[in-house]
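So the chains spell out like this:
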Amino acid sequence: MPSTLSTLCLAALSVPALAHPGHGGPGKDETGIKPIKNVQLGPRPYWLVDQMEDSPLKSKLQSCSEKQMRPSRWSIGHRGGGTLQFPEETVASIMAGTRMGAGIEECDVTFTSDRQLICRHSQCDLHTTTNILTIPELAAKCTVPFTPYNATTKKSATAKCCTSDFTLAELTETKELCAKMDSSDPKATTPEEYQGGVPGYRTTLYSGPGTCHKMLTVKEYIALVDALGLDFTPELKTPVVKMPFGSANYTQEAFAQQLIDEFKQANIDPKRVWLQSFLYDDILYWLRAEPKFGKQAVLLDESGDAPSTIAAATASLTKYAKDGVKIVAPPLHYLVSTVTDKTGRVNIVASEYAKLAKTLGLKVVGWSLERSGWLADSTNGGYYYGTIANVTAARGEGVVFELLDVLASKEVGAIGVFSDWSATVSYYANCFGLFP
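Residues numbered from 1 in each chain as written. Predicted model: local features only at pLDDT ≥ 70, side-chain atom pairs only at ≥ 80, totals over all residues. Heavy atoms only, no water.

Trainee: Sorry, what's going on with the pattern of salt bridges here?
Mentor: A pair can form between side chains of opposite charge whenever their charged atoms are brought close. Evaluation of the coordinates by the stated rule reveals 18 salt bridges. Residue Glu-253 is joined to Arg-288 by a salt bridge in which the shortest nitrogen-to-oxygen separation is 3.1 Å. Linking Glu-253 in helix H10 (residues 252-265) with Arg-288 in helix H11 (residues 280-289), this pair joins segments that are 35 residues apart in sequence. Its relative accessible area of 55% is what places Arg-288 among the exposed residues. Between Arg-345 and Glu-402 there is a salt bridge whose closest N-O contact spans 3.9 Å. Pair noted here: Arg-345 is in the loop between strand E10 (336-340) and strand E11 (346-350) and Glu-402 is in helix H16 (residues 399-407), with a separation of 57 residues, a long-range link. With relative accessibility at 29%, the residue Arg-345 sits in the partly exposed group. Judged by relative accessible area, Glu-402 falls into the buried class, the value being 13%. It is possible to trace a salt-bridge network through shared partners that takes in Glu-53, Arg-345, Arg-395 and Glu-402. (Salt bridge = Lys/Arg side-chain N within 4 Å of Asp/Glu carboxyl O. Helix = DSSP H or I, 4+ residues; strand = E, 2+ residues; numbered from the N terminus. Buried < 20%, exposed > 50% of the residue type's maximum accessible area, 1.4 Å probe, protein only.)

Here's what the structure looks like:
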């Protein structure tokens with residue numbers, strides 16, 4: 001028997017009006033989908049609080065355990081916000097994230113071969129985020145066909161399937177094409193085996209046999225999030241293919257404008273739209289050509305990933321502010337560092353990057369919580385915890401709330417945090433009254 005959530009998600013996509021919203025106010029459509037008022041966080045945030053060392057922060061968080069929770073825009077659904085357990089960029093992930101209190105929902109925006117907009121985290125991730133390789137007529141069109149694992153050379157199985165390899169109709173109307181948990185099995189010898197490899201901290205519980213999560217077009221994403229009464233944060237993905245694509249007129253600026261036009265056609269108030277891009281030229285284009293949208297566009301910054309480049313990334317903030325950028329969004333670890341107090345305890349503090357952003361008047365958003373697996377294993381949280389790995393190694397899972405507490409502090413002042421499991425950020429936001 002399908003779950004109530006799955007039934008709702010499928011029903012939502014079956015309503016023709018869903019792809020054609022026609023209003024600017026939140027939660028006022030005729031699709032039958034309404035804003036979720038009864039936020040339910042499930043056990044995870046409470047369990048994370050239990051994992052914390054005794055402290056005033058832990059006591060405060062414990063005091064909120066019976067609090068009636070509500071949505072907060074400080075809680076941003078990364079790839080939907082249910083991504084830890086539901087296939088990303090789908091109705092199911094958005095509904096799960098929204099149920100867990102996300103006040104802003106994301107769609108990563110790329111385009112198809114007929115230059116239509118669709119929600120995928122990468123232009124070329126269909127081979128790991130869908131079952132497209134198991135459908136021969138579609139697999140044959142992939143940029144790089146499936147190549148099985150070679151037991152002699154130990155070369156991993158490979159494939160590369162891009163949205164730009166297919167028309168919008170092929171991706172949304174092929175009945176057997178379904179989104180899945182992002183994964184692949186490097187030792188696969190068949191396309192079917194390649195579907196495996198889901199990390200142990202994730203699950204296939206909600207994407208098993210008998211379920212089929214369909215990909216969302218940007219129009220459908222807008223209609224769904226609008227009906228839920230939430231804000232939007234679409235990320236314009238930097239194309240993998242060479243631009244212009246398919247037509248001399250389909251330039252990078254045309255792609256950036258196309259995204260704006262879809263919101264305009266849906267009569268969405270620009271104040272509800274938080275555009276994102278890693279490509280600086282996209283931000284500058286929106287500031288110049290569409291200032292009502294551009295004034296709260298978010299510059300995604302990963303220019304300081306190497307220890308040798310974080311100083312330059314920090315220095316670049318001055319240029320961004322001078323050019324009119326208002327919001328920057330680096331990965332979590334750019335915003336924090338550590339200090340050791342007199343007792344020998346290592347504490348999380350604001351980084352120089354965060355301090356300079358604050359001085360310059362730049363608002364910051366952090367990404368992405370709940371994407372790292374276990375914090376106390378040999379990875380110590382991996383990429384997103386790189387600057388505080390010594391803390392995660394010492395104190396494990398409860399460090400999540402220590403991190404959020406610093407991000408919310410006056411020293412950093414984050415206006416929002418992306419999360420693969422919205423409940424965790426929503427719990428903190430509700431406990432501390434963060435409702436921007």
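Trainee: How do you make sense of the packing of aromatic side chains when you look at a structure like this?
Mentor: Within this structure, the stated rule accounts for 18 aromatic pairs. Measuring from centroid to centroid gives 4.3 Å for Phe-86 and Tyr-206, while their planes differ by 15°, and the two rings are stacked. Of this pair, Phe-86 sits in the loop between strand E1 (72-77) and helix H4 (91-99) while Tyr-206 sits in the loop between helix H8 (191-194) and helix H9 (218-227); the two residues are 120 residues apart in sequence, bridging distant segments of the chain. Pairwise contacts between aromatic rings join Phe-111, Phe-245, Tyr-250 and Phe-255 into one cluster. A cation over an aromatic ring shows up here: Lys-60 above the ring of Phe-432, its NZ or CZ 5.6 Å from the ring centre. Over the face of the ring belonging to Phe-435 we find Arg-70, whose NZ or CZ atom lies 3.6 Å from the ring centre. (Phe/Tyr/Trp six-rings, centres within 6.5 Å; stacked < 30°, edge-to-face > 60°. Lys NZ or Arg CZ within 6 Å of the ring centre and 35° of its normal.)

Trainee: Sorry, what's going on with the pairing of E1 here?
Mentor: Successive residues of a regular strand alternate their side chains across the two faces of the sheet. Burial analysis of E1 places five of its six residues in the buried class, the great majority of the element. Taken together, E1, H4 and strand E2 (residues 102-111) constitute a β-α-β crossover, and its handedness is right-handed. The pairing of E1 with strand E13 (residues 416-419) spans three bridges and is parallel. Within E13, the position partnered with Ser-75 by the bridge is Val-417. (Right-handed = clockwise from strand over helix to strand, strands pointing away. Pairing = 2+ DSSP bridges.)

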